[in-house]
Structure formats: structure tokens, C-alpha cells
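Here is how the chains run, residue by residue.
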Amino acid sequence: MAFDTRLLTGVGVLAAVMEAGNFARAAELLGVTPSGVSRAVARLEARVGVRLFDRNPREVSLTEEGRRFHAQVLPLLAGLDEAAAEAAGAAAVVSGRLRVSVDPWFARMVLAPALQQFLARYPMLQLDLSTSNYREEMMAGVDVAVRFGPPDGSSLIVRKLLETPILTVAAPAYLERHGEPRSPHDLVHHEALLFRDPQTGLPFPWEFHRGSEIVEVKVSSRLLLDDPSVAVSACVAGQGVFQSLAVGLTPFLARGELVRILPDWSQERYPLYAYHPSRHLPPAKVRAFLEFIREVAAMAETSPERRASS
């Protein structure tokens with residue numbers, strides 16, 4: 001079957017532009033002229049029949065069609081790199097640049113403290129870590145994504161890392177002013193801090209689980225947030241009551257900055273998953289990262305906050 005080698009060249013240039021940020025830096029990366037990069041992109045756009053980039057004198061950005069195309073071809077380029085490494089007898093070497101997108105709370109509270117150990121284990125690896133709790137195009141430009149919540153129906157490989165309890169917490173100063181609720185229904189008289197579901201854009205409902213009982217409470221709130229770190233900080237400051245993932249809360253509970261309320265109603269569990277493109281054999285660097293985050297996730301599952309919530 002005939003193969004258009006210009007298509008492969010154009011895809012390589014596309015990846016270089018996205019890594020470098022503009023045509024000039026991509027040209028330096030590839031060892032060609034900026035006009036050569038521009039012509040290669042133009043030929044690729046003509047080949048696929050859509051405009052891939054929005055251009056201005058200072059920067060370029062992908063169009064919507066370009067983002068989809070980039071997300072689809074990046075795993076294929078990674079596959080070519082892996083095939084070349086395997087042919088050279090280096091398939092088991094964990095090296096190169098690994099791009100990951102991780103939920104902000106898990107990245108800050110669980111993964112970041114362990115990154116030194118990971119990089120020491122693989123000295124030939126470079127880690128490019130970004131944080132986001134959104135699902136839309138989460139695989140664009142990355143090798144692995146880590147997100148809380150049930151997986152959606154996609155062609156990605158999905159691996160469960162942990163299930164963490166949902167705790168209801170408040171600051172001691174808040175409870176001194178407003179009293180401690182004794183049942184879930186008491187929360188209708190309290191100020192709640194709401195967290196936006198990144199998949200729906202709506203606040204997460206407040207549910208309380210005890211055995212087979214599930215109680216949903218329509219809480220009142222004047223504050224809606226999409227960053228759990230900000231929500232916990234506001235809760236520590238006494239702004240209101242917050243429902244938080246248990247993983248990562250240990251320091252706040254140990255220092256007495258937060259207090260668990262309604263502990264008998266905290267049997268709900270929320271999952272954390274890792275995603276990577278559907279391929280027969282992920283690159284060695286992806287396999288190494290998945291193994292490592294399973295290790296730190298297992299440690300998080302057996303951490304003091306989980307034992308205290310059991």
C-alpha cells in the first residue's frame with residue numbers, strides 16, 4: 001500500500017510546533033527555517049483538508065479540528081518512537097519526556113511529595129506535569145491522564161487507582177459560631193462550600209451514606225468553586241462546611257484546622273482512574289509511571305485518613 005511520506009513529515013512538524021509554541025522555535029528545534037515549517041504545515045492542512053492552526057505574528061494555536069487531529073496522531077508518533085527504541089534494543093529503558101495531566105488535588109497532596117523518588121528511580125526520564133480536573137480533551141498532548149470520578153465510555157485504557165471516602169468537614173471556629181450538625185438534615189441551616197463537577201459544570205450534590213441508607217441534602221451556599229485546594233483553604237478559614245475527598249486531608253485534621261462532622265455518614269467512596277491511549281503495549285515510560293502512581297495510590301488508600309473513616 002502506497003504511503004504519503006509528506007503526511008508523516010507534516011505530522012512531525014505539527015508536533016514540534018505544539019511543543020515549541022510557535023513556528024520560529026519549532027524551526028530551531030527541527031533545524032529548518034521558519035518558512036520551511038510554515039510550508040510543511042500548509043501542505044499538511046491541504047492534505048487533510050482542514051485548517052489546523054490559527055496564526056498571528058506572535059503565536060499560533062490549534063483550531064478545534066487541529067486539537068482533535070493532534071490528540072489522535074500523538075499516540076501514533078509515540079508508537080513510532082517506541083518501535084524505533086525496540087528495534088534498537090532499548091524498549092525496556094525508561095527515558096525521554098513523559099507528559100502527564102493529573103487531577104490538582106491528587107497531584108498536590110499525594111503525587112508531588114513522591115516525585116523526587118520517581119525521578120530518582122528513572123534518571124533518564126523527564127516529566128512534564130500539568131494539572132486539571134476537566135475531562136474534555138484531557139489526552140491532548142499527554143501520555144497519561146489521572147482523574148477522579150467514574151470513567152466515561154471512550155476508547156482509552158482505564159485503570160482504577162483507588163477509592164477514597166467522602167468526608168464532611170468544617171473549621172473549629174465555624175462550629176463554635178454555628179454549632180455542630182447532628183444529622184445530615186441539620187445542614188440545611190448551615191453555609192456550605194460547593195464544588196463544581198468538571199464533567200457537568202454543576203455543583204456536586206451532597207449525599208450521605210450509612211450502610212444501605214443514602215440521604216441527599218439540598219444545602220445552601222453562596223460560594224461555588226472548581227479547585228479543591230481553594231475550597232479547603234476557605235473551609236479552614238471558617239467560611240462554611242465542605243465535603244472533601246479524604247485522601248490528602250490528614251495534615252489539616254492532624255493540625256486541628258479541620259474537624260470531621262457526621263462521621264457515621266461518610267461511607268460514600270469516590271474513584272480515581274488513570275487513562276492512556278489504547279495501544280497493545282504502552283511505552284516503557286508510561287508503564288513505569290502507571291506502576292508508580294499505583295504505589296503511591298495504594299499508600300494513600302491505607303493512610304491515616306482512610307483508616308479513621310473506616
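Residues numbered from 1 in each chain as written. Predicted model: local features only at pLDDT ≥ 70, side-chain atom pairs only at ≥ 80, totals over all residues. Heavy atoms only, no water.

**Q** Would you mind showing me how to read a nonpolar patch on the surface here?
**A** Taken together, the side chains of Leu29, Leu30 and Val32 present a nonpolar region at the surface, about 250 Å² in accessible area. Looking at the element boundaries, Leu29 is found in helix 2 (residues 23–30). (Patch = residues over 30% accessible without salt bridge, like charges linked within 9 Å, V, L, I, M, F, W, Y side chains within 5 Å. Areas by Shrake-Rupley, 256 points an atom, 1.4 Å probe, with all protein chains shown as cover. Salt bridge = Lys/Arg side-chain N within 4 Å of Asp/Glu carboxyl O. Helix = DSSP H or I, 4+ residues; strand = E, 2+ residues; numbered from the N terminus.)

**Q** Explain helix 5 (residues 104–111) here, please?
**A** Because the α-helix completes a turn every 3.6 residues, residues three or four places apart line up on one side. Taking burial as the measure, the eight residues of helix 5 include six buried ones, the bulk of the element. Taken as a whole, helix 5 has its buried residues at Pro104, Trp105, Phe106, Ala107, Val110 and Leu111. N-capping of helix 5 is provided by Asp103, with a side-chain oxygen placed 3.0 Å from the backbone N of Trp105. (Buried < 20%, exposed > 50% of the residue type's maximum accessible area, 1.4 Å probe, protein only. Polar contact = N/O pair within 3.5 Å; in protein donor to acceptor, adjacent residues only side chain to side chain.)

**Q** Quick question: what am I supposed to make of the pairing of strand 7 (residues 191–195) here?
**A** A regular strand carries its side chains on alternate faces of the sheet. Strand 7 sits mainly inside the fold: five of its five residues count as buried. Neither face of strand 7 is exposed, since Glu191, Leu193 and Phe195 on one face and Ala192 and Leu194 on the opposite face are all buried. Bridge count for strand 7 against strand 11 (residues 241–245) is two bridges, and the pairing is parallel. Each bridged residue has a counterpart across the sheet, and for Ala192 the counterpart in strand 11 is Val241. (Pairing = 2+ DSSP bridges.)

**Q** Which parts of the structure should I look at to understand the nonpolar core?
**A** Proteins that are soluble and globular tend to have nonpolar side chains buried together. In terms of nonpolar packing, the biggest core is built from 48 residues, with Phe106, Val146 and Ile293 touching the most fellow members. Looking at this core, the element that brings in the most residues is helix 10 (residues 284–301), giving nine residues. Look past the residues within four positions of Val146 in its chain and what remains in contact with it is Ser101, Val102, Asp103, Phe106, Leu161, Leu272, Tyr273, Ala274 and Ile293. (Core = buried A, V, L, I, M, F, W, Y, C linked by side-chain atoms within 4.5 Å. Contact = heavy atoms within 4.5 Å.)

**Q** Can you help me understand the pattern of salt bridges in this one?
**A** Think of it this way: side chains of opposite charge can pair up when their charged atoms draw near. Considering all chains together, one arrives at eight salt bridges under this definition. Asp54 is the partner of Arg51 in a salt bridge, and the nearest nitrogen-oxygen pair spans 2.1 Å. Judged by relative accessible area, which is 48%, Arg51 ranks as partly exposed. Measuring nitrogen to oxygen at the nearest pair gives 3.8 Å for the salt bridge that ties Glu191 to Arg222. Residue Glu191 is located in strand 7, and its partner Arg222 is located in strand 10 (residues 220–225); the two are separated by 31 residues in the primary sequence.

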